[in-house]
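# Analysis of the macromolecular model
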Amino acid sequence: RRGEICALQWNDINFETGFISITKNFQYNHETHTQKLDTTKTTKSNRSITITNKLIIELKKLRQHQLELKLKLGNKYNDQKFVFADEKGEPMKLNYLTQTFRNEIKNHNFKEIPFHGLRHTHATILLSKNINPKIVQERLGHSTVSITMDIYSHVTPNMQKEVSEKIENMFI
């Protein structure tokens, strides 16, 4: 969720264990065109997820860049410890994230999908790779595995076929 991404702060990342804790969310107010830091959607949405070593390396580079900006700008840099911050240290705006994503899609001639589509793509790929649905549920912050499977049931026909093939091969 874009609000969860923009709400990430550096103390939410454990570089040693490779976990990110998701406990906050930015809510966008359409009337005032402002965003407010809040808790996640539900208490079940609070979660810790693993991240790859490549992502850890990129996040460390990003933090280094922010620290260099802070040194360069001094008091003009308002370091609120957000992972995704603007050039002055302020948290990234939700709409900026969405627009930047759209621009990158166009620049690379990728098929256009909404930003939230990345979440669906992530879940679909995990399920298609036979990752336990409970793990996918936890990564997405769904309250139950049935919600995950109801939303991503389109992935299961191939999985069902694979099960049949595995059963058949057990008797050969």
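Just so you know, these numbers come straight off a predicted model, no measurement behind them.

### A short note on the pattern of salt bridges
Throughout the structure, instances matching the rule amount to seven salt bridges. Measuring nitrogen to oxygen at the nearest pair gives 3.3 Å for the salt bridge that ties glutamate 58 to lysine 61. Placement of the pair is glutamate 58 and lysine 61 together in helix H2 (residues 53-73), with a separation of three residues, close to one helical turn. Linking lysine 81 and aspartate 79 is a salt bridge whose minimum nitrogen-to-oxygen distance equals 3.4 Å. Under the relative-accessibility criterion, lysine 81 is labelled partly exposed at 37%. In this structure, a network of salt bridges that share partners links the residues Arg63, Lys70, Asp79 and Lys81.

### A look at the packing of aromatic side chains
As enumerated under the stated definition, the model contains three aromatic pairs in all. For the ring pair phenylalanine 26 and phenylalanine 82, a centre distance of 5.6 Å and an interplane angle of 40° mean the geometry is tilted. With a gap of 56 residues between them, phenylalanine 26 in strand S3 (residues 24-29) and phenylalanine 82 in the loop between H2 and helix H3 (94-107) connect regions that are remote in the sequence. Like phenylalanine 26, the residue phenylalanine 82 is buried in the burial classification.

### Some details on the sheet that holds strand S2 (residues 19-22)
Taken in spatial order, the three strands of this open sheet run S1-S2-S5, and their pairing is antiparallel. In the strand order of this sheet, the two ends are held by strand S1 (13-14) and strand S5 (47-50), each with one partner.

### Points about the side chain of histidine 142
One can find histidine 142 in the loop between helix H5 (133-140) and helix H6 (145-151). The class for histidine 142 is buried, based on a relative accessible area of 10%. Once residues within four sequence positions are removed from consideration, histidine 142 is found in contact with Lys44, Arg119, Gln137, Ile147, Thr148, Ile151 and Tyr152.

### What to know about a nonpolar patch on the surface
On the surface, Val163, Ile167, Met170 and Phe171 cluster together into a nonpolar patch covering about 450 Å² of accessible area. Within the secondary structure, methionine 170 sits in helix H7 (residues 156-170). For methionine 170, a relative accessible area of 59% puts it in the exposed group.

### Observations regarding the pairing of strand S4 (residues 34-39)
Pairing of S3 with S4, which is carried by six bridges, proceeds in the antiparallel orientation. By the bridge assignment for S4, lysine 24 is matched with threonine 39. Linking S3 back to S4 in an antiparallel pair, the connection comprises four residues, with histidine 33 at a positive phi of about 55°.

### So, the side chain of aspartate 79
Within the element layout of this structure, aspartate 79 appears in the loop between H2 and H3. A polar atom in the side chain of aspartate 79 sits 3.4 Å from the side chain of lysine 70.

What counts as what
- Residues numbered from 1 in each chain as written.
- Predicted model: local features only at pLDDT ≥ 70, side-chain atom pairs only at ≥ 80, totals over all residues.
- Heavy atoms only, no water.
- Salt bridge = Lys/Arg side-chain N within 4 Å of Asp/Glu carboxyl O.
- Helix = DSSP H or I, 4+ residues; strand = E, 2+ residues; numbered from the N terminus.
- Buried < 20%, exposed > 50% of the residue type's maximum accessible area, 1.4 Å probe, protein only.
- Phe/Tyr/Trp six-rings, centres within 6.5 Å; stacked < 30°, edge-to-face > 60°.
- Pairing = 2+ DSSP bridges.
- Contact = heavy atoms within 4.5 Å.
- Patch = residues over 30% accessible without salt bridge, like charges linked within 9 Å, V, L, I, M, F, W, Y side chains within 5 Å.
- Areas by Shrake-Rupley, 256 points an atom, 1.4 Å probe, with all protein chains shown as cover.
- Polar contact = N/O pair within 3.5 Å; in protein donor to acceptor, adjacent residues only side chain to side chain.

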